[in-house]
Number of protein chains: 2
Amino acid sequence: MRTSQYLLTTQKETPADAEVISHQLMLRAGLVRKLAAGFYSWLPLGLRVLRKVEQVVREEMDATGAIEISMPVMQPAELWQESGRWEQYGPELFRIKDRQQREFCLGPTHEEVVTDLVRQELKSYKQLPLNLYQIQTKMRDEIRPRFGIMRGREFLMKDAYSFHIDQPSLDATYRDMHRAYSNILTRLGLAFRPVIADTGSIGGSTSHEFQVLADSGEDEIAFSDSSDYAANVEMAEALALAGERPAPREPLTEIATPGVRTIDDLAQALAIEPALTVKTLLVGGSKPGSLVALVLRGDHQLNPLKAEKLEGIASPLTMASEEQVRAACGAGFGSLGPVGLELPVIVDRSAACLADFVCGANRDELHYTGVNWERDCSPQRIEDLRKVVQGDPSPDGQGRLQIKRGIEVGHIFQLGRKYSEAMQARVLDEQGRNVTMTMGCYGIGVSRIVAAAIEQNHDERGIVWPAAMAPFQLAIVPLNMQKSAAVAECAEALYTQFRAAGIEVLLDDRNERPGVKFADMELIGIPHRLVIGDRALEEGKVEYKGRRDSESCLIARDDSVATLLERLRG
Amino acid sequence: MRTSQYLLTTQKETPADAEVISHQLMLRAGLVRKLAAGFYSWLPLGLRVLRKVEQVVREEMDATGAIEISMPVMQPAELWQESGRWEQYGPELFRIKDRQQREFCLGPTHEEVVTDLVRQELKSYKQLPLNLYQIQTKMRDEIRPRFGIMRGREFLMKDAYSFHIDQPSLDATYRDMHRAYSNILTRLGLAFRPVIADTGSIGGSTSHEFQVLADSGEDEIAFSDSSDYAANVEMAEALALAGERPAPREPLTEIATPGVRTIDDLAQALAIEPALTVKTLLVGGSKPGSLVALVLRGDHQLNPLKAEKLEGIASPLTMASEEQVRAACGAGFGSLGPVGLELPVIVDRSAACLADFVCGANRDELHYTGVNWERDCSPQRIEDLRKVVQGDPSPDGQGRLQIKRGIEVGHIFQLGRKYSEAMQARVLDEQGRNVTMTMGCYGIGVSRIVAAAIEQNHDERGIVWPAAMAPFQLAIVPLNMQKSAAVAECAEALYTQFRAAGIEVLLDDRNERPGVKFADMELIGIPHRLVIGDRALEEGKVEYKGRRDSESCLIARDDSVATLLERLRG
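A quick note: this is a predicted structure, and the numbers were derived from the prediction, not measured.

(A) Structural view of the overall build of chain A. Across its full length, chain A carries 15 helices and 30 strands. Viewed in the frame of its principal axes, chain A has a C-alpha envelope of about 95 × 70 × 45 Å. Considering chain A as a whole, with its 570 residues, one finds that 58% of them fall into the buried category. Counting every atom, chain A has about 23,200 Å² of accessible surface; 48% of that belongs to carbon and sulfur. Each charge class in chain A was averaged separately, 66 positive and 81 negative side chains, and the resulting centres sit 4 Å apart.

(B) Here's a closer look at the interface of chain B and chain A. Counting from both sides, the interface comprises 53 residues of chain B and, opposite them, 53 residues of chain A. Surface buried jointly by chain B and chain A totals about 4,400 Å² across both partners, of which 64% is contributed by carbon and sulfur atoms. Taken as a group, Leu35(B), Arg99(B) and Glu121(B) account for 16% of the area that chain B buries against chain A, more than any other trio of residues on that side. On inspection of chain B and its partner chain A, the count reaches six salt bridges. Arg33(B) is the partner of Glu121(A) in a salt bridge, and the nearest nitrogen-oxygen pair spans 2.5 Å. Inspection of the region where chain B meets chain A yields 16 residue pairs in polar contact (both at pLDDT 80 or more). Residue composition of the side of chain B that touches chain A, grouped by class: 30 nonpolar, eight polar and 15 charged.

(C) Summary view of the packing of aromatic side chains. The full count for this structure, using the stated rule, is 13 aromatic pairs over all chains. Considering the side-chain rings of Tyr6(B) and Phe472(B), the 5.8 Å spacing of their centres and the 75° angle between planes classify their relative orientation as edge-to-face. Taken as a pair, Tyr6(B) in the segment before helix H1 (21–28) and Phe472(B) in the loop between strand E25 (462–463) and strand E26 (474–478) lie far apart in primary sequence, 466 residues in all. Judged by its relative accessible area of 1%, Phe472(B) falls in the buried class. Sitting above the plane of the Trp86(A) ring, Arg95(A) keeps its charged end 4.6 Å from the centroid. Of note, Arg529(A) hangs over the ring of Phe518(A), and the distance from its end group to the ring centre comes to 4.4 Å.

(D) The confidence of the model for chain A, seen in detail. Of the residues in chain A, 99% have a pLDDT of 70 or more, and the chain-wide mean is 94. Scoring of the predicted complex yields 0.90 for pTM and 0.90 for ipTM.

(E) Quick look at the pattern of salt bridges. Tallying each qualifying case throughout the model produces 100 salt bridges over all chains. We note a salt bridge from Asp392(A) to Arg386(A), for which the minimum N-O separation is 2.8 Å. No difference in accessibility class separates Asp392(A) from Arg386(A), as the two residues are buried. Linked by salt bridges that have partners in common, Arg51(A), Glu54(A), Arg58(A), Glu68(A), Arg51(B), Glu54(B), Arg58(B) and Glu68(B) make up one network.

(F) Here's a closer look at the sheet that holds strand E18 (residues 366–371) of chain A. Residue and element names in this part refer to chain A. Taken in spatial order, the three strands of this open sheet run E13-E18-E17, and their pairing is antiparallel. Strands at the two margins of the open sheet, each flanked by one partner only, are strand E13 (253–256) and strand E17 (357–360). Here the strands of the sheet are splayed against their neighbours by 30° on average, with no regard to which way each runs. Looking at chain direction, E13 and E18 are connected through four bridges and run antiparallel. Residue Ala256 lies in a different strand from E18, and its bridge partner there is Leu366.

(G) Representation of the pairing of strand E14 (residues 278–284) of chain A. All names here are of chain A. Across the seven residues that make up E14, a large majority, six, are buried. Pairing between E14 and strand E15 (residues 291–297): seven bridges, direction antiparallel. What sits directly across from Thr280, in E15, is Val295. Two successive antiparallel strands, E14 and E15, enclose a turn made up of six residues, where Gly289 displays a positive phi of approximately 90°.

Definitions and cut-offs
Residues numbered from 1 in each chain as written. Chains lettered and ligands numbered in written order. Predicted model: local features only at pLDDT ≥ 70, side-chain atom pairs only at ≥ 80, totals over all residues. Heavy atoms only, no water. Helix = DSSP H or I, 4+ residues; strand = E, 2+ residues; numbered from the N terminus. Buried < 20%, exposed > 50% of the residue type's maximum accessible area, 1.4 Å probe, protein only. Areas by Shrake-Rupley, 256 points an atom, 1.4 Å probe, with all protein chains shown as cover. Lys, Arg positive; Asp, Glu negative; His and termini not counted. Charge placed at Lys NZ, Arg CZ, Asp CG, Glu CD. Contact = heavy atoms within 4.5 Å. Buried area = accessible area lost by both parts, 1.4 Å probe. Salt bridge = Lys/Arg side-chain N within 4 Å of Asp/Glu carboxyl O. Polar contact = N/O pair within 3.5 Å; in protein donor to acceptor, adjacent residues only side chain to side chain. Nonpolar A, V, L, I, M, F, W, Y, C, P; charged D, E, K, R; others polar. Phe/Tyr/Trp six-rings, centres within 6.5 Å; stacked < 30°, edge-to-face > 60°. Lys NZ or Arg CZ within 6 Å of the ring centre and 35° of its normal. pLDDT = per-residue confidence, 0-100. Pairing = 2+ DSSP bridges. Axes fitted to C-alpha atoms, helices over the stretch in contact; angles between N-to-C directions.

In structure tokens:
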């Protein structure tokens, strides 16, 4: 491709409303353009990258035996009513009426449509397992579309849905998909981690996210430094941080703590570590109007997802108001504690290991020191309540947890019978009985991968594409081509040779200054660059620079094709 | 691919609600399934065909230098308000509000979005011409979705939009697109005609449709038997059917015609050819409440599109009511005529060549014979008013017109400045002046081509795919594979060999009766079939049958790969 005949419209300035680097660089490099909040057009350069990701996804899906189909964007309300999600899904679901006033939605996901399709097509267990996928436009009315295509309202996804006669068959396909997703991200050249994940609104039991590691990621992931264990922080199990609880040594003592409101205030006032204090949080119980007290070590954070999954606690989690707290305990937020509290008390595993600790006295501006479980108050239930932190023991017993940030690009679920039961998707089994199929579903954000790759691979000059995602592999930059016949001739000859060798090459034949051309080719992240200039050419040389190299080097013009082909194919 | 691991769900019965053969066969062969009126899921077999069409379209577009982009399905109302189409487009436009109550539509076409994109990206005439295309999902709320994917509400289109500094540049790209569309349909193996077309609601001047010939087509096309001339019947120019008008020979004579209401009645009553009579139609004039009389030969039909484009006639065309006719002429529909009529009269070219003709006398149950223009009444204006018919002279003066039916699969337009003017899409020209760009747009119905191909290529046993569109090129059908080791071994060996040779082969390894397998492979239209059976195999033979062949033939098993590869690649 010649830049003069291409739509290459780069920008020098960082767009004002682009918060994250991938959004900034995608706009600056001319990969996408905003049409409306959350809606982006893909320009030629961006589309080339998107199609490469799409093709790798397709190849790896095909390799597992999954079969490609294509379902409509628009879906009739009836199917969503059948699954119960028409009511549940909330305002993220774009809803629309047709000219006959029939209700439809624009699919954010296709469980209903594919389950309806499969229940009509399949009759027998002999046709199972079946894994159907599509690479298709999805719509989601995000409350706050942001980060460019990372959190857009119209985006490209690969979604797959598998159907099984039983759990072992689902397990096998789930493993295949786990492997396929790892293959996809490995082939694309991305650093990633598959992590244990929550199933959220999709439902089901087992679930893994595929997280591309990037400092700017919205998710925190915890992984062992000595094993394969990895989980979204919200799902990572927190083990008790001490073994057996020591025996009490101090007496329970009430102390005045004027002005103390927070754990930090308290630790400072008493000159102790926050880890020797506990904090008490009141949350809504599962009975309407009831409250439950959660006790954590002062230096730990509550993991709301863990709490709301516990018996006796309302889901979604609600925090008690100042009024509710005062009515239930007789004190404000800063002076709560488990001693004498007439509420159900759930204690985090690590807090339950403390002895001689400090807590609020349920009277304003008073605390207790020398508090001990059993002796002074009962840890009625001990549960895992807290967010893991860097250095925690890994829940698989091997090594310690590291915490990194990641961008979720894939998510696989064991759905079980959630949809097939609601929608009566059944086949005849070997004994001729009607059985409900078991399902899995597997999503990967094709457009989001493009942004995630940039978050992970960029420098101050622009994008640094992994080879498999680069829109072009090689940029040929002739200097002063319009004036130097030798330069023009060499550039054209190399362009022809590389194209003939099947290399995706971009010839920058614009009549621009060298600096402009270099900056553009670096901004758009082309992995390899050959500069053709009069001076080097007189010595039979051309100048090579890899996108990650700090310096360029001269190579013989006559060897340049062979040399580059070796690098490009290696 | 093995049928046992594929989603091959054919149906014997013709679906009740499928009116046209392509719809019936697409359902029966398991290419698509209906989700809701006008919305279809593409099953694996259908999607393979769709992707082949898509790829041919992409290659031919790329070959012209057009550049692929991808614009959102959802488009903000503001852009459509800017072009004026938000009000004009009517109920075919799906409209939707987001959670902030902002208005959007689901794009049936992308003139507004691409014009907005280009006006922001381009600054200079040096960046022109630019032809941007996408292959993308389109939405149109058809009042009566029907014929399966032929007239669906969600469909796949390639739409391209070109931008130019002047008309000659547009002309050049328009010619390139005309050629590309011809290449696409030729490569797909379809019989088609590019025809002169109306520009309709898209607007602009010059326009051509690409019509795939099929008896079931909704359009009629007229083309010369001796030249390249071809036009949609509604656009085909009708020449006068006789040269100089003969001199009058008969006197004007009033005759009683009791009970005569139609031209057929009249011709029968007088025992003359309908071609010697004229009919007079009253239509709305461009002044509100006014009427205009249109006179055509008795055997000709009015072409409403031609009439409504004439000066002085209301557009869209309205026919006068019986009351209006009686008030204006003093007689009913059956007795109108140009003699003594006090209305503007427009006469069709062929009617204007008549002498001594018969027409109504503007009094009920009376007609005139021996009517002659000029002597008895004035042909105030002579225009082309009629639909051409089979055998008419070709308007280019070469040969006679044939009429065939066609399915419109592509449409190219010279838009001129309709959108660029309304949306102020300008660049600087060579002299530094701000000039409005000139545009073209070019659509091809990717999904519709699949249906059109079936309408053109089928027989009583099913689909007969052209090679370039077939989902698989070769079916290997082993008989009794589950019991005969020799058959299984041969089938597997051939399957492996053909796959290694890059042939798309479907191995029908289902445990089904031979009749079922044969019927399925013919229904889904695989061009070549090899049957592996014990009896022939004992003689070292396998059975070959082409999809269009009436008989099969035996070929040596050892030569079968070489023989088939020759046929497949030829």
